[in-house]
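Architecture at a glance
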Amino acid sequence: MSTALYEVKNISKSYGSVDALNDVSLKIHAGEIIGLVGDNGAGKSTLVKVLSGAHQQSNGTIFLEGVERKWESPHDALVAGVETLYQDSGLAPHLSVSANVFLGRELFSKGIFGKLGFLAKKEMDSAAHANLDKVGIAVPQSNRSVSQLSGGQRQAVAIGRAVSWASKVIILDEPTNHLGARQAGEVLAVIKAAKERGLGVIFISHTLPHVLQVTDRIVVLRLGKVVADAPTSTFDAQSLLGTITGLIENKAE
Amino acid sequence: MATIATRAKSILANQQALLLIVLLVMVAFFTSRNHIFFSNAVFGNIISDWAPIVLIAIGETFVIISGGIDLSVGSTVAISGVVAAFAMRSLTTNGTSPTTTLILGVLVSAGVGFLVGAINAFLITKTNVVPFIATLVTMGAGSGLAIVFTGGGPIGGGPDQAIQLSVPKVGPFSYPGLGIVAVVVALGLFLHKARFGRYTYAIGSNEFAARAAGINTKRHLAKIYILSGILAGLSGYYYYLRLGCGAPTSGLGGELQAIAAVVIGGAALSGGEGRISGTVLGALILTTVTSGLIIINVAANWKQVVVAILIAAAVLLQEARTKGSSSKFLANLFTKKK
């Protein structure tokens, strides 16, 4: 098989005396959606933080397109093309939709004012609208503040931002949380579209039907360890749940 | 009834319009009690009081929008004014020209402010001390040192031209006052139109999201506390010009006036919210109350009561607005349903 797009090898992470991750390895290929599942405390959020550069692993290595990388901060991962949607906390509610979409990637006005750090607000407003539109997310007005949006709209903006900026890998932590069935369906469609674009998608969710529906492969974490890594077709709802809870001890592949 | 409520709501939703109304009502009230209030002399005095307060309040606006607090600004005013006074006295005794001395004085004041701001920034971003405690430390150290250095008395002996500079020249504004207006306008643009301001709001709104978006939040916070320190240093210099000497009591309680101005101006102490125009008007309201009460012969201590009421009103409005319940809040205010 060709070189993996994104790969972590033997990752461990401990907080003081607590081992949150223990020798975790996983890889993802371009145009592939992997589901990352596990019970509360299994280490999903910690793994997301390591993959996105928010936290640094205690041990182990990270490879992007076969090249070893070290993320000192989320900034490093973003620049390299790894985009992350964090659970519930990805947006600044006081800022507008477009300010959030362009946060950390602002466009400046032309000439001397731009050099002084002045922003091209109108351009960003219309570009934010276009970017979200392109990934299939409709937001009423991009100059409205995020706090005025509904929960579903906020989630859509957060996903739209991540998908529109990602150039290689996108990590989505519980993107369908708090969403109604129709909105969740739209989110899943956005995820599939990202796969079509050749992105590697890591989809973290407690909603197992969603995981079974969109992923190509499922990685199960339990107590900080990978206990299963197998094609989605080898699971059904029952066996997946069993693997997560530890009732079934199958280690696939 | 509904239309009154709707109209009132749109005014209340606009903090700046509301503040302007409060200010005009105050001016009208004080003038009606004593017509002397409506004069260039009084306005000049109000602006002279306003200028040093608005400087520290602008710094405090950046800090509060970022979700922090800076308690050290009042002490920084004192210590920077005092250190600059010592510097200008020795330059004057050494025969340096008044102009050069006054220019070096600005640099020294701003430099002392920078230093205090840098200490705050270090404590907050490197040692992770919460802003309240970090700036409480520098507040105590600053005001203590200002008294230790001076023995408690004013430090004169600088250029005689200093005090002439603080005389109103353009309407109620002195030249340094105009300089402060220029600084306020520039920083207003910086906060509301430039990336620096956007990051400030983003950090106050959701620091985790800001960091996740690739912003170096600690470096940005460090810059904000240094900015606040520099502005306090400039404010100290302004007091020096007004008094013709550096007094360790200048800026006493300035941090509370600055915070009051920012809160009356509509900023939320929880961060992410606030405007320079609100702070400018908030500071103007504070200084107008001070002068007005003196002129209508009300004991100065009433000022604190009036300010307390203004702060309470501002916070209540804030609460109503952020909860999105302003319409309900106003419906209760404007419609009488048994």
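Just so you know, these numbers come straight off a predicted model, no measurement behind them. Within any chain, residue numbers begin from 1 and follow the written order of that chain's sequence. To read the labels, note that chains go from A and ligands from 1, taken in the order they are written. Where totals are concerned, whole chains, interfaces and linings use all residues; where local detail is concerned, this predicted model gives features only for residues with pLDDT of at least 70, and gives and counts side-chain atom pairs only at 80 or more.

Right, let's talk about the overall build of chain B for a bit. Every helix listed is a DSSP run of H or I at least four residues long, and every strand listed is a run of E at least two residues long, numbered separately from the N terminus. Regarding its fold elements, chain B presents 15 helices and zero strands. Computation of the radius of gyration draws on C-alpha atoms alone. For the globule rule, the value is 2.2 Å times the number of residues to the power 0.38. Here the C-alpha radius of gyration of chain B, 21 Å, is about what a compact globule of 338 residues would show, namely 20 Å. Over its C-alpha atoms, taken along the principal directions, chain B stretches across nearly 75 × 55 × 30 Å. Residues with at least 20 other C-beta atoms within 10 Å of their own are called buried, those with 12 or fewer are called exposed, and the rest are partly exposed. The C-beta atoms themselves are positioned from the backbone. Sorting the 338 residues of chain B into buried and exposed places 49% on the buried side. A fraction of 78% describes how many contacts in chain B between residues 6 or more apart in sequence connect residues 24 or more apart. Distance between backbone-placed C-beta atoms decides contact: two residues are in contact if it is within 7 Å.

Before going further, it helps to spend a moment on the overall build of chain A. Of the regular secondary structure elements, chain A holds nine helices and 10 strands. A compact globule built from 253 residues would reach a C-alpha radius of gyration of about 18 Å, and chain A, at 19 Å, matches this within 12%. By its C-alpha atoms, chain A is 60 × 40 × 35 Å across when sized along the principal axes. Within chain A, the fraction of its 253 residues that count as buried is 44%. Contacts spanning at least 24 positions in sequence make up 65% of the contacts within chain A whose residues lie at least 6 apart.

Right, let's get into the nonpolar core. Membership of the largest hydrophobic core comes to 169 residues, with the highest contact counts inside it found for Ile159(A), Ile170(A), Leu172(A), Ile202(A), Phe203(A), Val54(B) and Ala202(B). Examining the composition of this core, we find that 15 residues originate from one element, helix H3 (residues 40–65) of chain B, more than from any other. Other than its neighbours up to four places away in sequence, Ala202(B) contacts Ala92(A), Leu95(A), Leu103(A), Ala209(B), Ala210(B) and Ile215(B). Note on definitions: a nonpolar core is a set of buried residues drawn from Ala, Val, Leu, Ile, Met, Phe, Trp, Tyr and Cys, linked by C-beta atoms within 7 Å.

Residues and elements named next belong to chain A. The buried fraction of strand E3 (residues 33–38) amounts to six of the six residues, a majority that puts the element mostly inside the structure. Side chains Ile-33, Gly-35 and Val-37 of E3 all project onto a buried face; the interleaved residues Ile-34, Leu-36 and Gly-38 project onto the opposite face, where all are buried too. The sheet contact formed by E3 and strand E8 (residues 200–204) spans four bridges and is parallel. Looking at E8, one finds that Leu-36 is bridged to Ile-204. Examined bridge by bridge, E3 and strand E9 (residues 217–222) share five bridges and lie parallel to one another. Residue pairing in the sheet places Val-37 in a bridge with Val-220 of E9. Pairing between strands is defined by DSSP: at least two bridges between them are needed.

In many analyses, interface size is given as the accessible surface area lost on bringing the parts together. Every contact between the two is made by 21 residues of chain A and, on the other side, 19 residues of chain B. The biggest single contributor to the side of chain A that touches chain B is helix H2 (residues 74–80) of chain A, with three residues. Ten residue types, Ala, Val, Leu, Ile, Met, Phe, Trp, Tyr, Cys and Pro, are classed as nonpolar, four, Asp, Glu, Lys and Arg, as charged, and the remainder, Gly among them, as polar. Of the residues contributing to the side of chain A that touches chain B, the split by class is 13 nonpolar, seven polar and one charged.

In this section: the sheet that holds strand E1 (residues 6–15) of chain A. Residues and elements named next belong to chain A. With respect to topology, four strands assemble into an open sheet ordered E2-E1-E4-E5, the strand pairing being antiparallel. A strand with exactly one partner marks an edge of an open sheet, and here the two such strands are strand E2 (18–28) and strand E5 (67–69). Going from strand to strand, the sheet's axes swing by 30° on average, the running direction of each strand aside. Pairing analysis gives five bridges linking E1 to strand E4 (residues 59–64), with the strands arranged antiparallel. Bridge pairing in E4 places Val-8 opposite Ile-62. Only the contacting stretch of a helix is used when fitting its axis, a line to C-alpha atoms as for every element, and angles between N-to-C directions run 0 to 180 degrees.

All names here are of chain B. What pLDDT reports is the predictor's confidence in each residue, on a scale of 0 through 100. Averaged over every residue, the pLDDT of chain B is 90; residues scoring 70 or more account for 91%. Confidence drops under a pLDDT of 50 for residues 325–338, and excluding neighbours within four residues, the segment shows 19 contacts in the predicted structure. Note on the complex model: pTM 0.88, ipTM 0.83.

For the rest of this paragraph, the subject is the sheet that holds E8(A). All names here are of chain A. If you walk across this open sheet you meet the six strands as E6-E7-E8-E3-E9-E10, and the pairing is mixed. Where the open sheet ends on each side, the last strands, each with one partner, are strand E6 (82–85) and strand E10 (225–231). Taken pair by pair, the neighbouring strands of this sheet meet at an average axis angle of 15°, ignoring direction. Across five bridges, the pairing between strand E7 (residues 169–173) and E8 is parallel. By the bridge assignment, Val-169 is partnered in E8 with Gly-200. Sheet contacts for helix H1 (residues 44–52): E3, E6, E7, E8 and E9; angle to E7, the most-contacted strand, approximately 150°.

On to H1(A). Within an α-helix, residues lying three or four positions from one another point in the same direction, as the helix has 3.6 residues per turn. Residue and element names in this part refer to chain A. Of all the nine residues making up H1, eight are buried; the element is thus mostly covered by neighbouring parts of the structure. If you check which residues of H1 are buried, you get Lys-44, Thr-46, Leu-47, Val-48, Lys-49, Val-50, Leu-51 and Ser-52. Phi for Gly-53, located one or two positions after H1, is positive at around 90°.

This part covers the pairing of E9(A). Residues and elements named next belong to chain A. Most of E9 is tucked away, with five of its six residues classed as buried. Both E9 and E10 contribute to a ladder of six bridges, which runs antiparallel. Across the sheet, residue Val-220 finds its bridge partner in E10, namely Ala-228. Following E9, the chain reverses through two residues before pairing antiparallel with E10; Leu-223 in that reversal takes a positive phi of roughly 50°.

What follows deals with the environment of Gln16(B). Residue and element names in this part refer to chain B. Its location among the elements puts Gln-16 in helix H2 (residues 15–33). By the C-beta count within 10 Å, which is 14 here, Gln-16 ends up partly exposed. With 233 residues separating them along the chain, Gln-16 and Thr-249 place their C-alpha atoms 32 Å apart.

Further remarks concern unusual backbone geometry. The phi torsion at Asp23(A) lies on the positive side, around 55°, for a residue other than glycine. The topology assignment puts Asp23(A) in strand E2. Positive phi, close to 60°, is recorded for Asn128(B), a residue that is not glycine.

Turning our attention to the packing of helix H5 (residues 121–134) of chain A against helix H6 (residues 151–165) of chain A. Helix-helix packing: each pair is described by the crossing angle between the helix axes and the interaxial distance. Residue and element names in this part refer to chain A. One can describe the packing of H5 onto H6 by two numbers: an axis separation of 9 Å at closest approach and a directional angle of 90°. Here H6 runs roughly perpendicular to H5, going by the angle between their axes. Contacts from Asn-131, Leu-132 and Lys-134 in H5 reach Val-157, Gly-160 and Ser-164 in H6. Partitioned by chemical class, the residues of the contact of H5 with H6 number two nonpolar, three polar and one charged. Orientation is classified from the angle alone, with under 35 degrees giving roughly parallel, over 145 giving roughly antiparallel, 65 to 115 giving roughly perpendicular, and any other angle giving oblique.

Moving on, we come to the environment of Glu196(A). You can see Glu196(A) is positioned in helix H7 (residues 181–196). In this structure, the C-alpha to C-alpha distance between Glu196(A) and Asn59(A), residues 137 residues apart in sequence, is 33 Å.

Attention now moves to the packing of helix H5 (residues 98–126) of chain B against helix H6 (residues 131–150) of chain B. Residues and elements named next belong to chain B. The interhelical angle for the contact between H5 and H6, taken along N-to-C directions, is 145°, at an axis separation of 9 Å. Note that H5 runs across H6; the crossing there is right-handed. Here Val-116, Ile-119, Asn-120, Leu-123 and Ile-124 of H5 come into contact with H6, specifically with Pro-131, Ala-134, Thr-135, Val-137, Thr-138 and Gly-142. Counted by class, the contact of H5 with H6 contains seven nonpolar, four polar and no charged residues. By convention the crossing between two helices is left-handed if the near helix lies anticlockwise of the far one by an angle smaller than a right angle, and right-handed if it lies clockwise.

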